[in-house]
Amino acid sequence: MAGAPFTMEVELGKIREFARATKSSNPGYLTADVPVSPATFLATAAFWTGPENAPPMEEIGDPARILHGEQEFVFHGEPPRAGTRLVGQTRIANSYDKRGKRGGSMRLVELVTEFRTPEGRLVAESKTTVIVTSQAPAEGPTAS
Amino acid sequence: MTNATTIRTNPTTWDELQLGVTAAPFTDAPLTRTDFVRYQGASGDMNPIHHDEQFARAAGFPTVFAVGMLPAGILATYATDWLGAANIRRFQVRFGEQAWPDDVLTYTGRVAGRREENGRRLVDVELTATRQTGGVHLRGSATFIVT
């Protein structure tokens, strides 16, 4: 089940701000006229898109029991440069159960966001693996 | 982040990037709450567990802890300073132990694979972010196009 598509403008000022926040002094981000975006920059889309852009929470799990387990970005060419307009869409790509280290079960859910040009060319994919624990993370944190 | 001398001494060409070759490790300044807030502002992730002391304690933590995507982003900074911002084609991290204010993280990279695909040379690197305790905060990998 996929969320509704959203439009993301890859903005110059946000690239520079993000690069500084991740302790970069790389001119490829900070002074280039048309910089590429930092490798983890596309993760920011999740914080301003709406619930309609995410797959339904009931298909993912209780938000209080979700940990961010793993994150991956794949670029089909250079990372998108400032000024690029992207259309993103997030879907549940996979979900499976796994036995936890402390006993008990946990569910792993892989969410994939595809970022395409308005013409439909695939530019990048962001894959988030969340761990849905059988108890609240505060009782046994292993990840952030 | 790295100075010009470090960039020059790190291996960056196809011939230099043999299996097992490493980049100079980068040991960051101690993590601060300001680092967390600055990253949260830049990314839009306003989860209070990373900046609100009372909220973090009420949730059972001794204090606030790093938003995992901050060291993940610094690890990407380390990797792209080494092999080029425009050359990266894949970046992946798995989150391990949490990182806390005043933690000193050391970032390392090592060549783990080399291949040619469609006439392009690709190098896979293994990446880590390790706490001053020796505990692993992040284990990651990345792929770069190399000339």
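See the structure printed just above.
Presented here is a report on the structure given in the accompanying data block. (Residues numbered from 1 in each chain as written. Chains lettered and ligands numbered in written order. Predicted model: local features only at pLDDT ≥ 70, side-chain atom pairs only at ≥ 80, totals over all residues. Heavy atoms only, no water.)

Attention now goes to unusual backbone geometry. One non-glycine residue, Lys23 of chain A, lies in positive phi territory at about 60°. Take Lys23 of chain A: it is sitting in the loop between α1 (12-21) and α2 (27-30). (Helix = DSSP H or I, 4+ residues; strand = E, 2+ residues; numbered from the N terminus.)

Here the focus is the pairing of strand β5 (residues 136-146) of chain B. All names here are of chain B. In terms of burial, β5 is largely enclosed, as nine of its 11 residues are buried. By the bridge criterion, seven bridges tie strand β2 (residues 88-95) to β5 in an arrangement that is antiparallel. Opposite Phe95, over in β5, you have Leu138 as the bridge partner. Summarising the sheet, strand β4 (residues 120-130) and β5 pair through 10 bridges and their orientation is antiparallel. Among the inter-strand pairings, Leu127 is bridged to a residue of β5, identified as Gly140. Joining the antiparallel neighbours β4 and β5 is a turn of five residues, in which Gly134 adopts a positive phi near 95°. (Buried < 20%, exposed > 50% of the residue type's maximum accessible area, 1.4 Å probe, protein only. Pairing = 2+ DSSP bridges.)

Applying the stated criterion to the full structure yields seven aromatic pairs over all chains. Seen from their ring centres, Phe18 of chain A and Tyr39 of chain B are 5.5 Å apart, and the 65° between their planes marks the pair as edge-to-face. Of this pair, Phe18 of chain A sits in helix α1 while Tyr39 of chain B sits in helix α2 (residues 33-43), on two different chains. A network of ring pairs unites the aromatic residues Phe6, Trp48 and Phe115 of chain A as a single cluster. The ring of Trp14 of chain B carries Arg114 of chain B above its face, with NZ or CZ at 3.9 Å from the centroid. (Phe/Tyr/Trp six-rings, centres within 6.5 Å; stacked < 30°, edge-to-face > 60°. Lys NZ or Arg CZ within 6 Å of the ring centre and 35° of its normal.)

Turning to α2 of chain B, a few remarks are in order. Residues of α2 of chain B that are buried include every one of Asp35, Phe36, Tyr39, Gln40, Ala42 and Ser43 of chain B, and no others. End-on, the buried residues of α2 of chain B take up no more than an arc of 165°, which puts them together on one face. For α2 of chain B, the elements touching its buried residues are α1 of chain A together with α4 (69-83) of chain B. One or two steps after α2 of chain B, the chain reaches Gly44 of chain B, where phi turns positive at roughly 85°. (Arc of directions from axis to C-beta. Contact = heavy atoms within 4.5 Å.)

Now for the packing of α1 of chain A against α2 of chain B. At a minimum axis distance of 9 Å, the contact between α1 of chain A and α2 of chain B shows a crossing angle of 155°. Relative to α2 of chain B, the element α1 of chain A is oriented roughly antiparallel. Our pair here, α1 of chain A against α2 of chain B, has a crossing hand that is left-handed. In this structure, α1 of chain A uses Lys14, Glu17, Phe18, Arg20 and Ala21 of chain A to contact α2 of chain B, whose residues at the interface are Arg38, Tyr39, Gly41, Ala42 and Ser43 of chain B. (Axes fitted to C-alpha atoms, helices over the stretch in contact; angles between N-to-C directions. Parallel < 35°, antiparallel > 145°, perpendicular 65-115°, else oblique. Left-handed = near helix turned anticlockwise from the far one by under 90°.)

Within soluble globular proteins, side chains that are nonpolar tend to cluster in buried spots. Residue and element names in this part refer to chain B. In terms of nonpolar packing, the biggest core is built from 60 residues, with Phe91 and Val125 touching the most fellow members. When residues in this core are grouped by element, the largest group, 10 residues, is from α4. In this structure Val125 touches Trp82, Leu83, Arg110, Val111, Ala112, Gly140, Ser141, Ala142 and Phe144, once residues within four positions along its chain are discounted. (Core = buried A, V, L, I, M, F, W, Y, C linked by side-chain atoms within 4.5 Å.)

Moving on: the interface of chain B and chain A. Facing the 39 residues of chain B at the interface are 34 residues of chain A. Summed over both partners, the interface of chain B with chain A comes to about 3100 Å²; 57% of that surface belongs to carbon and sulfur atoms. Three residues stand out in chain B for area buried against chain A, namely Ala42, Arg89 and Phe95 of chain B, and they jointly supply 18% of the buried area on that side. At the surface where chain B touches chain A, the tally comes to four salt bridges. For the salt bridge of Lys23 of chain A with Asp28 of chain B, the shortest nitrogen-to-oxygen distance reads 2.9 Å. Here chain B is connected to chain A by 14 residue pairs in polar contact (both at pLDDT 80 or more). No other element matches α4 of chain B, which puts nine residues into the side of chain B that touches chain A. Looking at side-chain class alone, the side of chain B that touches chain A contains 19 nonpolar, 11 polar and nine charged residues. As defined by bridge partners, strand β2 (residues 66-75) of chain A adjoins β2 of chain B across five bridges and the pair is classed as antiparallel. Residue pairing across strands places Glu70 of chain A opposite Arg94 of chain B, the latter belonging to β2 of chain B. (Buried area = accessible area lost by both parts, 1.4 Å probe. Salt bridge = Lys/Arg side-chain N within 4 Å of Asp/Glu carboxyl O. Polar contact = N/O pair within 3.5 Å; in protein donor to acceptor, adjacent residues only side chain to side chain. Nonpolar A, V, L, I, M, F, W, Y, C, P; charged D, E, K, R; others polar.)

Quick look at the pattern of salt bridges now. Throughout the structure, instances matching the rule amount to 18 salt bridges over all chains. Where Arg110 of chain B meets Glu126 of chain B, a salt bridge forms, and the shortest distance between an N and an O atom there is 3.0 Å. Residue Arg110 of chain B is located in strand β3 (residues 106-117), and its partner Glu126 of chain B is located in strand β4; the two are separated by 16 residues in the primary sequence. Arg110 of chain B sits in the partly exposed class, given a relative accessible area of 36%. Through salt bridges with shared partners, a single network forms among Lys23 of chain A together with Asp28 and Asp35 of chain B.

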